[in-house]
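# Structural characterization, general
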Amino acid sequence: ALLALLLGLGMAQAALGFGSERVNIIRAFLLLLGVPTAGLLLWAGGMLHHLLRRRQTLALKRPWRWLTARIARGPEGPLLMQALINVLQRQRLGFWLVSWVHHLFWVIALTAAAVRLWLLLAFKRYFFQWETTLLDSERFVHLAQWASTGLNFLGFAVPDEQAIRLSDGLTVLPPSAHALWASWLIACVLVYGLLPRLLLLLLSLGCYRYYQRHAQLDMQRPGLMTLLPRLGETVQE
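Quick summary incoming for the structure in this document. Given the structure is predicted, the values throughout are model-derived calculations rather than measurements.

What counts as what
- Residues numbered from 1 in each chain as written.
- Predicted model: local features only at pLDDT ≥ 70, side-chain atom pairs only at ≥ 80, totals over all residues.
- Heavy atoms only, no water.
- Helix = DSSP H or I, 4+ residues; strand = E, 2+ residues; numbered from the N terminus.
- Buried < 20%, exposed > 50% of the residue type's maximum accessible area, 1.4 Å probe, protein only.
- Contact = heavy atoms within 4.5 Å.
- Areas by Shrake-Rupley, 256 points an atom, 1.4 Å probe, with all protein chains shown as cover.
- Expected span 1.5 Å × (residues − 1).
- Axes fitted to C-alpha atoms, helices over the stretch in contact; angles between N-to-C directions.
- Parallel < 35°, antiparallel > 145°, perpendicular 65-115°, else oblique.
- Left-handed = near helix turned anticlockwise from the far one by under 90°.
- Nonpolar A, V, L, I, M, F, W, Y, C, P; charged D, E, K, R; others polar.
- Phe/Tyr/Trp six-rings, centres within 6.5 Å; stacked < 30°, edge-to-face > 60°.
- Salt bridge = Lys/Arg side-chain N within 4 Å of Asp/Glu carboxyl O.

We now examine the overall build of the protein. The number of helices and strands found in the protein is 10 helices and two strands. Counting from the amino terminus, the protein carries its helices and strands in the arrangement α-β-α-α-α-α-β-α-α-α-α-α. Taken across its 237 residues, the protein has 34% of its residues classed as buried. Put simply, 77% of the contacts in the protein that link residues at least 6 apart link residues at least 24 apart. For the protein, the exposed surface amounts to about 15000 Å²; the carbon and sulfur share of it is 66%.

Pasting the structure below:
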């Protein structure tokens, strides 16, 4: 949670620049949503991997083994880690547990980024403009309008075509235009970053609890058959 909080605060500060009053709209958009979107695509690949019922927990064994060695010291640590991974995998809990932690991390990071962004924009004057060498003005207008589709659908105020064209840094814009770009940037973080993560967080938590409630142990497994007498003695005590 602390790492996610620091990451979100750093993303917001980097998007607006360190000490600069001029904000490149393209750069700010990519800094705020580039890494979260890449993480979301990786999760979608893991989701497809999980639906195909492959062994999704193998990649986690090495870092989990390292973490267990730091937390649960002693000869039982590796055995507990292996047992936990096996149970999660057999009960189809591993992917949803990792998904829950993954989405919770980004919910915290994006919430911190949105709050930090609002505070910076509320108490300091910034000037928004787009600067690019590779893209012409028409291409940027189309990209900005495409990025505003979801915001417009949800009722957020978005810059029109004329405002986008005039935000090339060569024209002096009125304060209302810069305020519109500021609200547009915050709305992008909320709609394209935070909202999908919140929905997927609820989905992951719901699926995890569902499979947890329906988890069943195979009492005929050799390891459990050996432990049953010892477990019975523990319960009696």
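From this point, the discussion proceeds with the structure in view.
So, about helix α1 (residues 2-16). A rise of 1.5 Å per residue sets the reference length of α1, with its 15 residues, at 21 Å; its end C-alpha atoms lie 22 Å apart and thus fit the reference within 8%. Along α1, the positions that sit buried rather than exposed are Ala4, Gly8, Met11, Ala12, Gln13, Ala14, Ala15 and Leu16. Gly17 sits one or two positions beyond α1 and adopts a positive phi of about 90 degrees.

Helix α9 (residues 175-213) packs onto helix α5 (residues 94-122) with a crossing angle of 155 degrees between their chain directions and a minimal axis gap of 8 Å. With respect to α9, the axis of α5 lies roughly antiparallel. Remark: the crossing between α5 and α9 carries left-handed chirality. The residue makeup of the contact of α5 with α9, split by class, is 25 nonpolar, six polar and one charged.

For the structure on display, the rule yields four aromatic pairs. Seen from their ring centres, Phe105 and Trp106 are 5.4 Å apart, and the 90 degrees between their planes marks the pair as edge-to-face. For Phe105, a relative accessible area of 25% puts it in the partly exposed group. Centre to centre, the rings of Trp181 and Trp184 are 5.2 Å apart; their planes meet at 85 degrees, and the pair counts as edge-to-face.

To continue, consider the pattern of salt bridges. If you walk through the whole model with that rule in mind, you get two salt bridges. Residue Arg165 is joined to Glu161 by a salt bridge in which the shortest nitrogen-to-oxygen separation is 2.8 Å. Of this pair, Arg165 and Glu161 both sit in helix α8 (residues 161-165), four residues apart, which is roughly one turn of the helix. Through salt bridges that share partners, Glu138, Glu161 and Arg165 make up one connected network.

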